[in-house]
Amino acid sequence: MGLEEKLPSGVLLTTVEQVAGYARKGSLWPATFGLACCAIEMMAVGGPRYDIARFGMEVFRASPRQADLMIVAGRVSQKMAPVLRQIYDQMANPKWVLAMGVCASSGGMFNNYAILQGVDHVVPVDIYLPGCPPRPEMLIDAILKLHDEIQATKLGVNAIKAQDIQESLALTAPATLEMRGLLP
Amino acid sequence: MPELPTAVRGFGVTFRTMFKRVVTEQYPEAAAKYPPKPRFHGRHQLNRWADGLEKCIGCELCAWACPADAIFVEGADNSEGGRFSPGERYGRVYQINYLRCIFCGLCIEACPTRALTMTNEFELADNNRTDLIFTKEDLLAPLQAGMVLPPHDMVPGFTEKDYYAGKVIGATDTGSATDTAKEST
Amino acid sequence: MTIASGSEQTQTDLVDVVVDDINVRVPKGTLVIRVAEQMGVEIPRFCDHPLLDPVAACRMCLIEIDGVPKPQPACAITVADGMKIRTQRTSPVAEKAQSGVMEFLLLNHPLDCPICDKGGECPLQNQAMSSGRGETRFEGKKRTFEKPIAISSQILLDRERCVSCARCTRFADQIAGDPMLELLERGAQQQVGVADDAPFNSYFSGNTIQICPVGALTSTLYRFRSRPFDLVSTPTTCEHCASGCSLRTDVRRGEVTRRLAWDDPEVNEEWNCDKGRFAFRYIRQDRIESPLVREDGRLRPASWPEALDIAARGLAAAQGRVGVLTGGRLTAEDAYSYAKFARVALRTDDIDFRARMASDEEAQFLAALVAGQPLGPTYADLDAASNVVLVGFEPEDESPIVLLRLRRAALKANTRVWSISASLTGGLAKMQGTWVPCQPGAEAQVMDDAQKDGSDDAFGAALRTPGAVLLVGERLAGIPGALSAAAALARNTGARLGWVPRRAGERGALDAGALSGLLPGGRPLTDPAARREVSDLWGVQADELPRYAGRRGSVPIAQSADAVIVAGVDPVDDPQGEQLMAALAGDRFVLSLETHHGPISELADVVLPVAVDAERAGTYVDWEGRSRSFGTAISGVTTVTDSRVLAMLADAMDESIGRGDVMELRAELATLGHWTGDRMSAPDVRPAPPAAGGLRLASWRLLLDLGRMQQGEPHLAGTARPTEAVMSAATAASRGLTEGSLVTVSTPDGSLTLPLRLDEVAHDTVWLPMHSPGCSIVQDLGAVPGDVVEVVPGGPR
């Protein structure tokens, strides 16, 4: 992943992580992926009242090569899924995905054959945002939560360690089928 | 009348705007200044009676009304020493999947006991799907003054009909309900 | 417009009536509500039920008849010639009468629909919406009762909700013959109730919940579990006994929440028994989740390929010396797969589905008279029969729907029921049957005597009447000569012979060829034409099939084999269970295809998990020989059927028996059909001379007992019959035993102490339940019915 590959491993990286995280979160450029009603709220976030420029995100890029964050705003139909994946593939690393609204997150009220039941079926989602549609504040809140995650991103060997930990957790985690809670 | 060069005229817009009030809402720094309207549809809440018993009777009417199939409820029997709500039945399992919920409020309209209402809370984003399925513990209203954590008996001398009629005004006023609750917990 | 139920209606049978200004001709005696139904007019009703006698208790179906001053109940008035009927569609009088009745019914109804289990599928709710008022005018205080009260451990009664339609009381009285429910008190205090000391412990109590038009009767099991709109329903067939009831299985989120009786006029009508309705939670208990293989003496989870590989090597090593025990719980398709797998892949004929009391005589009887025979005698034949003789068969405990049919036939159609049995049971009394007392073990002698020339046995004469039916139970296998005698009796009297097994899969397994010496469809293994038909379909040479009939009985098969495949066998069912377990524990390879952990899976070398009924489709063949197919109720599970496992196993052994797909297997079974050629002759075994001394032990399994599939159902178990010894007053007096006192029943192998009840029992005979709590005659006494036991007063010494 870019910068960290050029660096020697070691203590130095703890501060580089901080700096890199700060830089990355401070200039997160969204790729527009407005698909439905959520896109209207996303546009409002770009306008003066909510002014996403306050977070260094004013440039909504229509070109995936220049974007870091894909905001999937709206229900994704089965036909749109490969297009969405292609846009994602064309984005340069590091990149993040925000599933905006319940349709992008899980299919929402459209539990039918035409709609993808969650955009995480085709791309890895970093943050899920409920709402139908979410108000602009909710989107900003989601973006800020994502910022925190970006800030805490590990680099180099630390990233590999973090991945290993995550993988071992995932291996021991119960299957979704087994997570029944209070259900019989 | 000679016209100013367009470049300068453009600055005029900028100059005039400098004296206008800034419309940008400083969310999240000054979030308190821009609260949602009181009727905003935010996260749900499961309410309690004045003595702390749950209002939810597990009737599943909210689940029936839900157009997105976001609510899962399973009722159970209130037993002796295991009473969570007045009457026979309480909601043992209550789940709302916020990745399905469209905040339409039909569940609120369907609720026969006003157990389910909506708050103004909207900061719900999370990084995984599991945590966005809110269970009963997440949704239950916090205990207010005078409330006792269920399970405990109904206030002595009152039936479920008195609860529905709003006659119960607290567990502490009667004293004994609190004692039984302490014994059972 | 003419409405006629039969095509051969003569003009005199029909009457002209006018319903809502439409002229119709209907059979005389039809109820007005049925006429309206057939015309598409839905008259609201609560008490009316097509299978119960009219009572006109709820008054909801009021209609107007010209010339009659007041509205009349449509459910109790039969049509007369020239009658002019107006329903709520055209008559304001009828409409007002109905909405008035609805208002009265709702006066005392608590309207607690949100907490009521019936909410969402409630006729009262629906009809209050269609013919009720929006607002109540009632300002008084509603009548209240304590709610709910348990009228049995399974059934809860909420009297506030009751509309006094008397459906439940009429069902209990007219259909089940357990008149424990009754309407008590009068006026506003009228309520359904039971006597204080007699809970509603009927075997059919669950039906009252289903026919209750309000939420007054609910079950403990389903209480507050779900709402009808959450349930996904699938038509299924009951797996508990050979009655073949149609059920509706309701599933919520991959869990079976309840089962209802489904309407099948040819079999169970709209009823079923409580075992079929309430015993389904075994599905989730103690299931085997993954393949298990034995390593260093312990079973450990393994992957499917690994387990299949080990199993295939184990079976291949014992090629030709493999035994297959399939039990009586498999579907017909699965049994057929075992039959095919044994003959094609294992090249053995050592296969037997009878993991219970079994004999060679029985196998011969089944091969000659039952296997692959077309439908019959049927339930309809029981309805129409002049006389029905039961031998070694207690319908109430062993096939409850047969009891309901025989009871109705006896009460309404003058069918006479005879039972050759050790005791005059309550079930026989319900059928108003005639008891032919017979010491256990002497059935063969009694039947033989009836055939002798000049015999004056009344039941023998009864069997000679046209349309008579002789029903023999599976238990006769334990009595030497009994099945031979039954076959001869049927042959000599011309009566139709029916064989009623206890388990749902037995008849299907027999027809599918899961018995040595029999190929599918009742084909004898030794018949060249039969071998050719089967081998052509199976894609093998006829001479590749086993040449000679294999061994019979689970113990001989297990003892002589190097490897054994065991599926769905419960050693508790088998009087020789201990020998079977000892044989399996010996030095032989044991492959177990099982749903639940149990004694056999514990000692197997490889355990392969298979699906239970709700998780797969299949077919049961009921005692009539009727195929009862069912679909998958719980979809999305990963468990596989026995057939699929056998197909994979055959692949691993480089053999081919097909894909194991249920549709494919059904098609193969249909292609084979019934065998029409020569069959084995019926057995001719002489009855054994009666043993001397002591008391004879009579026994059978009660409907609700310690069966594996009823475990984890405390509410159901609460309605079971008490465990007690039964004998006649004379026998008890001769041994100084008194009613209600504890007695000790003993054999050389063990003893049991239980309370004594005096009833009509054959002389010198004591009846015990076979496998009930505190009394398991095989395990505790080492005895089988017909054995000699000693009974002495008092508890254990």
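(A) Spatial organisation of the overall build of chain C. Regarding its fold elements, chain C presents 26 helices and 37 strands. Relative to the 2.2 N^0.38 estimate, which gives 28 Å for 797 residues, the radius of gyration of chain C is 29 Å and therefore close to what a compact globule would have. Overall size of chain C, expressed as C-alpha extent along the three principal axes, is 85 × 65 × 60 Å. When the 797 residues of chain C are sorted by exposure, 59% land in the buried category. Expressed as a percentage of contacts within chain C between residues at least 6 apart in sequence, the contacts between residues at least 24 apart total 71%. In the form shown here, chain C has an accessible surface area of approximately 30,200 Å², with 51% of it arising from carbon and sulfur atoms. Averaging the coordinates of the 82 positive side-chain charges in chain C and doing the same for the 105 negative ones gives two points 4 Å apart.

(B) The arrangement of the overall build of chain A in detail. A tally of regular secondary structure across chain A gives 7 helices and 4 strands. Secondary structure of chain A in N-to-C order comes out as α-α-β-α-β-α-β-α-β-α-α. Against the compact-globule benchmark of 16 Å for 184 residues, chain A has a radius of gyration of 18 Å, which places it among compact chains. Residues classed as buried in chain A amount to 44% of the 184 residues present. Taking the contacts inside chain A whose residues are at least 6 apart along the sequence as the reference set, 74% of them involve residues at least 24 apart. Each charge class in chain A can be summarised by its mean position, and for the 16 positive and 17 negative side chains these summaries are 4 Å apart.

(C) The arrangement of the environment of C:Val267 in detail. Residue and element names in this part refer to chain C. Here Val267 shows up in the loop between strand 13 (255–261) and helix 6 (274–278). C-alpha of Val267 to C-alpha of Arg626: the two residues are 359 residues apart in sequence and 9.3 Å apart in space. The contacts of Val267, once residues within four sequence positions are left out, are Ser243, Gly244, Tyr379, Ile401, Arg405, Asp622, Glu624, Arg626 and Arg628.

(D) Inspection of the pattern of salt bridges at higher detail. Residues and elements named next belong to chain C. Following the criterion strictly, the structure yields 83 salt bridges over all chains and no others. The partner of Asp352 in a salt bridge is Arg354, with the nearest N and O atoms 3.0 Å apart. When the shortest N-O distance is used, the salt bridge between Glu362 and Arg356 registers 3.0 Å. Of the residues examined, Glu362 reaches a relative accessible area of 0% and is grouped as buried. Here Arg356 falls in the buried class, since its relative accessible area comes to 3%. Each of Asp352, Arg354, Arg356, Glu362, Glu474, Arg503, Glu506, Asp573, Arg701 and Asp705 takes part in salt bridges that share partners, so that together they form one network.

(E) View of the interface of chain A and chain B. Every contact between the two is made by 36 residues of chain A and, on the other side, 32 residues of chain B. Surface buried jointly by chain A and chain B totals about 2,800 Å² across both partners, of which 58% is contributed by carbon and sulfur atoms. Connecting chain A to chain B are 15 residue pairs in polar contact (both at pLDDT 80 or more). Of all the secondary-structure elements, those providing two or more residues to the side of chain A that touches chain B are helix 5 (101–106), strand 4 (127–129) and helix 6 (136–151) of chain A. With 8 residues, helix 6 of chain A is the single largest residue contributor to the side of chain A that touches chain B.

(F) Spatial organisation of the packing of helix 18 (residues 528–538) of chain C against helix 23 (residues 662–672) of chain C. Residue and element names in this part refer to chain C. It is the contact of helix 18 with helix 23, at a shortest axis distance of 11 Å, that shows an interaxial angle of 155°. Considered as vectors, helix 18 and helix 23 are oriented roughly antiparallel to each other. Viewed along their axes, helix 18 and helix 23 form a crossing whose handedness is right-handed. Residues Glu533, Val534, Leu537 and Trp538 of helix 18 form the contact with helix 23, whose participating residues are Glu668, Thr671 and Leu672. Class assignment of the residues belonging to the contact of helix 18 with helix 23 gives a composition of 4 nonpolar, 1 polar and 2 charged.

(G) Structural context of the interface of chain B and chain C. Each partner contributes residues to the interface: chain B has 15 residues there, and chain C has 17 residues. Both sides together, the interface formed by chain B and chain C hides about 1,400 Å², and carbon and sulfur atoms give 51% of it. Linking chain B with chain C are 6 salt bridges. There are 8 residue pairs in polar contact (both at pLDDT 80 or more) connecting chain B and chain C. No other element matches the 6 residues that strand 2 (residues 71–77) of chain B contributes to the side of chain B that touches chain C.

(H) Seen up close, the domain arrangement of chain C. Residues and elements named next belong to chain C. You can read the domains of chain C as domain 1 (11–107), domain 2 (116–125 + 136–280), domain 3 (292–356 + 506–672), domain 4 (367–500) and domain 5 (695–793). Each of domain 3 and domain 5 has a C-alpha centre, and these two points are 35 Å apart. Between domain 3 and domain 5, the residue contacts involve 8 residues of the former and 7 residues of the latter. Summed over both sides, the interface between domain 3 and domain 5 buries roughly 580 Å², with carbon and sulfur atoms accounting for 54% of that surface. Counting across the domain 3 and domain 5 interface gives 1 salt bridge. Counting the contacts that link domain 3 with domain 5 gives 1 residue pair in polar contact (both at pLDDT 80 or more).

(I) Local environment of the packing of aromatic side chains. Summed over the entire model, instances satisfying the criterion amount to 14 aromatic pairs over all chains. Between B:Trp49 and B:Tyr164, the ring centres sit 6.0 Å apart and the planes meet at 55°, which makes this aromatic pair tilted. With a gap of 115 residues between them, B:Trp49 in the loop between strand 1 (44–46) and helix 2 (61–65) and B:Tyr164 in helix 5 (residues 160–164) connect regions that are remote in the sequence. Judged by its relative accessible area of 10%, B:Trp49 is buried. Judged by centre distance (5.3 Å) and plane angle (80°), the rings of C:Tyr379 and C:Trp623 are edge-to-face. Taken together, the residues C:Tyr379 in helix 10 (residues 379–384) and C:Trp623 in the loop between strand 28 (618–621) and strand 29 (627–630) connect sequence positions 244 residues apart. Residues C:Tyr379 and C:Trp623 agree in their burial class; the two are buried. Among the aromatic residues, those joined into a cluster by ring pairs are B:Tyr27, B:Phe40 and B:Phe122. A cation over a ring is seen here: A:Lys95 above A:Tyr88, with NZ or CZ 4.2 Å from the ring centre. Here the basic side chain of A:Arg135 rests over the ring of B:Phe122, its NZ or CZ set 5.2 Å away from the ring centre.

Calculation rules
- Residues numbered from 1 in each chain as written.
- Chains lettered and ligands numbered in written order.
- Predicted model: local features only at pLDDT ≥ 70, side-chain atom pairs only at ≥ 80, totals over all residues.
- Heavy atoms only, no water.
- Helix = DSSP H or I, 4+ residues; strand = E, 2+ residues; numbered from the N terminus.
- Rg over C-alpha atoms; globule rule 2.2 N^0.38 Å.
- Buried < 20%, exposed > 50% of the residue type's maximum accessible area, 1.4 Å probe, protein only.
- Contact = heavy atoms within 4.5 Å.
- Areas by Shrake-Rupley, 256 points an atom, 1.4 Å probe, with all protein chains shown as cover.
- Lys, Arg positive; Asp, Glu negative; His and termini not counted.
- Charge placed at Lys NZ, Arg CZ, Asp CG, Glu CD.
- Salt bridge = Lys/Arg side-chain N within 4 Å of Asp/Glu carboxyl O.
- Buried area = accessible area lost by both parts, 1.4 Å probe.
- Polar contact = N/O pair within 3.5 Å; in protein donor to acceptor, adjacent residues only side chain to side chain.
- Axes fitted to C-alpha atoms, helices over the stretch in contact; angles between N-to-C directions.
- Parallel < 35°, antiparallel > 145°, perpendicular 65-115°, else oblique.
- Left-handed = near helix turned anticlockwise from the far one by under 90°.
- Nonpolar A, V, L, I, M, F, W, Y, C, P; charged D, E, K, R; others polar.
- Domains from an automatic or database assignment.
- Phe/Tyr/Trp six-rings, centres within 6.5 Å; stacked < 30°, edge-to-face > 60°.
- Lys NZ or Arg CZ within 6 Å of the ring centre and 35° of its normal.

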